[in-house]
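Here are the chains, one letter per residue:
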Amino acid sequence: MKARQSRPAALVIPAAIGLAFLTIPLAGLLLQAPWKDLPHHLLTPEIQAALKLSLVCATLTTALCLTLGIPLAWLLARADLPGRGFLRALVTVPLVLPPVVGGVALLLVLGRRGPVGHYLDSWFGISLPFTTAGVVLAEAFVAMPFLVISVEGALRAADSRYEEAAATLGASKLLTFRRVTLPAIAPGIIAGTVLCWARALGEFGATITFAGNFPGETTTMPLAVYLALETDPDAAVVLSVALLAVSIAVLACLRDRWISGPR
Amino acid sequence: MTLDADLRITRDAFALDIRLTVRPGEVVALLGPNGAGKTTAVRALAGLDHLSAGHVRVGDHVWDRPPKVFVPAERRAVGVVFQDYLLFNHLSALENVAFGPRARGVPRARARTQARAWLATVGLAEHAGARPRTLSGGQAQRVALARALVTQPDLLLLDEPLAALDASTRLHIRAELGRHLRDYPGRTLLVTHDPLDAMVLADRLVIIEAGRVVQEGPPTEVARRPRTDYIAHLVGLNLHKGTADGTTVALDGGGALIVAEPAAGPVHVAFPPSAVGLYPRRPAGSPRNTWPVTVAGLEQHAHTVRVHLAGSPSVLADVTPAVVAELRLAPGTQLWAVLKATEIQTYARG
């Protein structure tokens with residue numbers, strides 16, 4: 001018989017505790033969920049509204065992030081910019097910033113008295129805080145760096161000589177980007193999109209700070225979970241299970257990249 | 001409409017300073033060791049890098065003249081075959097070839113028709129739908145050539161076009177490339193470090209070392225009078241045209257050689273000077289290729305002496321200084337040359 005590999009207890013015990021710590025709460029959530037009443041809870045108008053709002057906002061956020069984030073990633077990866085390292089660091093700040101701080105910052109700048117919000121209000125009559133548009137902005141602030149980092153990494157890994165080959169064939173920079181670069185980095189874009197969408201869906205801190213909590217307008221799923229916990233704990237559990245299901249679906253989308261590990 | 005390039009590029013410690021002209025229909029080979037500046041020259045001609053000084057122009061069109069004029073790659077009428085081809089992997093062979101015309105504003109249907117015609121020209125009509133990854137090296141090379149030629153460029157740049165192929169594919173693709181280059185009316189610059197590619201495909205050689213031209217001229221001229229040891233070694237190759245019939249090749253310049261591999265029709269035969277043996281009298285036994293020669297000249301190289309021999313055929317032989325002394329080699333000496341059939345490479349000349 002093959003000798004068993006020795007596994008020192010000093011490593012195995014903390015590892016087992018760590019594993020239990022990460023999995024037991026989720027298992028508990030599934031065990032405690034009022035499965036019989038699940039359809040009933042999910043079909044209440046408030047939860048329907050929150051669910052719909054969350055999906056719509058996360059999707060709009062992702063669209064916004066793709067529109068702005070892919071060109072930004074291209075700029076960081078390809079353009080010969082002075083201070084590119086500094087710009088890259090700036091982009092990653094929202095990754096490590098507590099989201100509530102992001103919410104406060106947005107409120108300060110885009111609020112009615114803020115340096116930007118003031119003009120939006122007086123020139124266009126637009127007020128962003130405490131609106132559905134505000135939810136999208138708050139989510140985008142937090143989620144966009146995930147997309148940018150993912151796409152920039154893919155761009156840097158892609159061989160830029162293919163872009164030169166396209167240039168010698170007469171393709172403009174924009175055409176090259178569309179027909180050569182984008183297809184080459186498609187996997188990175190998909191991964192970034194999924195991450196960005198999931199992050200937007202779960203956003204809580206920046207949203208509640210900047211957009212407040214108005215059912216049907218700014219109350220997304222995470223906000224609804226938090227509120228329901230005080231009034232209707234069963235509903236909170238049901239909503240949590242729904243979000244857990246979404247998260248697992250996201251992982252399933254990314255399984256080739258992460259779960260299987262390095263090949 | 002001659003390509004006239006005065007390429008001067010200074011980068012860090014490296015300086016390229018070469019003058020190139022290529023006439024319409026002409027194939028010029030830029031030959032040199034690694035690091036000589038061949039790729040730098042190609043990139044500057046393609047419009048991927050800027051010149052530091054000098055100029056690039058085709059006829060009246062100025063492509064680059066610092067500091068004022070620089071036409072970027074996408075607006076130059078160039079076609080480039082890159083060493084590893086750089087075919088777009090997400091597009092079929094057909095779409096790869098159609099990419100150039102599409103980028104230059106040709107409507108989709110017409111671009112596809114042109115691409116299909118070019119794929120047929122390079123013998124890949126039935127692979128139009130294939131992804132580049134599924135093609136063999138030789139097939140990928142032909143797609144790359146079709147992609148570069150479909151836009152009818154004024155200047156065709158071939159950057160080590162055969163380097164990525166294995167030896168047997170290479171012979172075949174080289175002959176085929178030669179055929180396509182003869183049909184191409186524009187100017188071709190072939191960059192290579194392989195003297196055989198250069199000698200077979202080019203009308204003129206330009207040899208560079210460390211960013212400078214060290215010699216240029218027709219292949220036979222360069223081979224006959226190499227100016228540096230590097231060139232002597234590089235082009236020190238006996239290359240003859242002839243017509244094969246089985247294992248016998250009748251040479252165009254007179255004489256005949258027996259080769260190991262049977263062939264038919266027009267061929268090139270090549271063999272290194274080191275393969276030619278020299279004897280004072282006709283050797284006994286029956287070596288397949290034996291013929292009388294006269295020493296026309298001697299050239300001292302680092303460790304060998306290159307002997308120019310007049311006869312049918314006239315050949316170069318490399319011998320050691322000891323042999324020179326032993327045979328008392330001097331211009332006018334009469335000798336017998338011997339060459340083994342197995343030392344001779346034969347390939348079709350299309």
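The rules behind each value
Residues numbered from 1 in each chain as written. Chains lettered and ligands numbered in written order. Predicted model: local features only at pLDDT ≥ 70, side-chain atom pairs only at ≥ 80, totals over all residues. Heavy atoms only, no water. Helix = DSSP H or I, 4+ residues; strand = E, 2+ residues; numbered from the N terminus. Buried < 20%, exposed > 50% of the residue type's maximum accessible area, 1.4 Å probe, protein only. Contact = heavy atoms within 4.5 Å. Areas by Shrake-Rupley, 256 points an atom, 1.4 Å probe, with all protein chains shown as cover. Lys, Arg positive; Asp, Glu negative; His and termini not counted. Charge placed at Lys NZ, Arg CZ, Asp CG, Glu CD. Buried area = accessible area lost by both parts, 1.4 Å probe. Salt bridge = Lys/Arg side-chain N within 4 Å of Asp/Glu carboxyl O. Nonpolar A, V, L, I, M, F, W, Y, C, P; charged D, E, K, R; others polar. Core = buried A, V, L, I, M, F, W, Y, C linked by side-chain atoms within 4.5 Å. Phe/Tyr/Trp six-rings, centres within 6.5 Å; stacked < 30°, edge-to-face > 60°. Axes fitted to C-alpha atoms, helices over the stretch in contact; angles between N-to-C directions. Parallel < 35°, antiparallel > 145°, perpendicular 65-115°, else oblique. Left-handed = near helix turned anticlockwise from the far one by under 90°. UniProt positions renumbered as here; feature names shortened; annotations may be inferred. Pairing = 2+ DSSP bridges. 1 Å grid on protein atoms, 1.4 Å probe; cavity = no way out; pocket = protein on both sides within 12 Å on 5 of 7 lines; lining within 4 Å. Points joined across faces, edges and corners; volume = space filled by probe spheres on them. Domains from an automatic or database assignment.

## Overview of the overall build of chain A
Link 1 in the chain: From N to C terminus, chain A includes 13 helices and zero strands.
Link 2 in the chain: When the helices and strands of chain A are listed from N to C terminus, the series reads α-α-α-α-α-α-α-α-α-α-α-α-α.
Link 3 in the chain: Dimensions of chain A, computed from the C-alpha atoms along their principal axes, are close to 75 × 65 × 35 Å.
Link 4 in the chain: For chain A, buried positions account for 38% of its 263 residues.
Link 5 in the chain: Relative to all contacts within chain A whose residues are 6 or more apart in sequence, the contacts with residues 24 or more apart total 72%.
Link 6 in the chain: By element, 71% of the accessible surface of chain A is carried by carbon and sulfur atoms, the whole surface being about 15,000 Å².
Link 7 in the chain: In chain A, 19 side chains carry a positive charge and 15 a negative one; their mean positions are 12 Å apart.

## Some points on the interface of chain B and chain A
Link 1 in the chain: In this complex, chain B contributes 22 residues to the contact, which on the side of chain A involves 16 residues.
Link 2 in the chain: Of all residues in chain B, B:Glu74, B:Leu86 and B:Phe99 give up the largest surface area on contact with chain A, accounting jointly for 34% of the area buried on that side.
Link 3 in the chain: On inspection of chain B and its partner chain A, the count reaches two salt bridges.
Link 4 in the chain: The partner of A:Arg161 in a salt bridge is B:Asp84, with the nearest N and O atoms 2.8 Å apart.
Link 5 in the chain: Listing elements by their share of the side of chain B that touches chain A, those giving two or more residues are α1 (38-46), β7 (78-81) and α2 (93-103) of chain B.
Link 6 in the chain: With five residues, the top contributor of residues to the side of chain B that touches chain A is α2(B).
Link 7 in the chain: Each residue belonging to the side of chain B that touches chain A can be placed in one class, and the counts come to 12 nonpolar, three polar and seven charged.

## A look at the nonpolar core
Residue and element names in this part refer to chain B.
Link 1 in the chain: Counting residues in hydrophobic clusters, the biggest one holds 47 residues, and the most contacted among them are Leu119, Val143, Leu158, Leu205 and Val235.
Link 2 in the chain: The biggest single contributor to this core is helix α4 (residues 137-149), with seven residues.
Link 3 in the chain: Not counting residues up to four positions away in its chain, the partners in contact with Leu158 are Val81, Leu145, Leu177, Leu181, Thr188, Leu189, Leu190 and Val191.
Link 4 in the chain: Residues Ile9, Ala41, Val56 and Val80 belong to the second largest nonpolar core, which totals 35 residues.

## A few points about the packing of aromatic side chains
Link 1 in the chain: Scanning the model with the defined rule gives seven aromatic pairs over all chains in all.
Link 2 in the chain: Ring centres of A:Trp123 and A:Phe124 lie 6.5 Å apart, and the angle between their planes is 75 degrees; this geometry places the pair in the edge-to-face category.
Link 3 in the chain: On the basis of relative accessibility, which here comes to 57%, the residue A:Phe124 falls in the exposed class.
Link 4 in the chain: On the basis of an interplanar angle of 45 degrees and a centroid distance of 6.5 Å, the ring pair of A:Tyr162 and B:Phe88 is categorised as tilted. Placement of A:Tyr162 in helix α8 (residues 161-168) and of B:Phe88 in the loop between β7 and α2 is noted, with the two residues assigned to different chains.
Link 5 in the chain: Residue A:Tyr162 is classed as partly exposed on the basis of its relative accessible area of 24%.
Link 6 in the chain: A residue is classified by how much of its surface remains accessible, and B:Phe88, at 1% relative accessible area, is buried.

## Quick word on the packing of α4(B) against helix α5 (residues 167-183) of chain B
All names here are of chain B.
Link 1 in the chain: Closest axis-to-axis distance for the α4/α5 pair is 11 Å, and the angle between their directions is 15 degrees. The angle between α4 and α5 falls in the class roughly parallel. Considering how the two elements wind past one another, α4 and α5 form a crossing that is right-handed. Listed contacts from α5 to Gly138, Gln141, Arg142 and Leu145 of α4 are Thr169, Ile173, Glu176, Leu177 and His180.
Link 2 in the chain: Of the residues that constitute the contact of α4 with α5, the class distribution is three nonpolar, four polar and two charged.

## Some thoughts on the UniProt feature "domain: ABC transmembrane type-1" (unreviewed entry) in chain A
Link 1 in the chain: UniProt marks residues 51-252 of chain A with the feature "domain: ABC transmembrane type-1" (unreviewed entry), using the numbering shown here.
Link 2 in the chain: Secondary structure over residues 51-252 of chain A splits into 80% helix and 0% strand, and the C-alpha atoms at its two ends are 21 Å apart.

## Some words on the pattern of salt bridges
Residue and element names in this part refer to chain B.
Link 1 in the chain: In the structure shown here, the tally under the stated rule is 21 salt bridges over all chains.
Link 2 in the chain: The salt bridge partner of Asp17 is Arg212, with a shortest N-O separation of 3.9 Å. Taken as a pair, Asp17 in strand β2 (residues 14-22) and Arg212 in strand β11 (residues 212-217) lie far apart in primary sequence, 195 residues in all.
Link 3 in the chain: Overlapping salt bridges bring together Arg23, Glu26, Arg204 and Glu216 as one network.

## Observations concerning the sheet that holds strand β12 (residues 238-251) of chain B
All names here are of chain B.
Link 1 in the chain: The antiparallel open sheet is built from three strands, whose spatial order is β12-β13-β19. Two strands bound the open sheet, and with one partner strand each, they are β12 and β19 (345-348). Neighbouring strand axes in the sheet, compared pairwise and without regard to direction, differ in orientation by 40 degrees on average.
Link 2 in the chain: Two strands pair when backbone bridges link them, and β12 and strand β13 (residues 256-271) are joined in this way by 12 bridges, in the antiparallel orientation. Bridging from a neighbouring strand, Val249 pairs with Leu257 of β13.

## Description of the layout of surface pockets
Link 1 in the chain: There is about 960 Å³ of room inside the largest pocket.
Link 2 in the chain: Lining of the largest pocket is provided by 38 residues; of these, B:Pro219, B:Thr220, B:Leu239, B:His240 and B:Lys241 occupy positions nearest its centre.
Link 3 in the chain: The set of elements that each furnish at least two residues to the lining of the largest pocket consists of α5, α6 (195-201), α7 (219-224), β12, β16 (305-311) and β17 (315-319) of chain B.
Link 4 in the chain: Its residues placed into classes, the lining of the largest pocket shows 20 nonpolar, 12 polar and six charged.
Link 5 in the chain: For the lining of the largest pocket, the domains that each give at least three residues are domain 1 (3-235) and domain 2 (238-348) of chain B.
Link 6 in the chain: Reported here for the second largest pocket is a volume of approximately 710 Å³.
Link 7 in the chain: Every element with two or more residues in the lining of the second largest pocket is listed here: α3 (45-78), α8 and α9 (173-184) of chain A.
Link 8 in the chain: Of all the elements, α9(A) adds the most residues to the lining of the second largest pocket, at five residues.
Link 9 in the chain: When the residues that make up the lining of the second largest pocket are grouped by side-chain class, the tally is 10 nonpolar, six polar and eight charged.

## What to know about the side chain of A:Ser54
Link 1 in the chain: By secondary structure assignment, the location of A:Ser54 is in helix α3.
Link 2 in the chain: Judged by relative accessible area, which is 1%, A:Ser54 ranks as buried.

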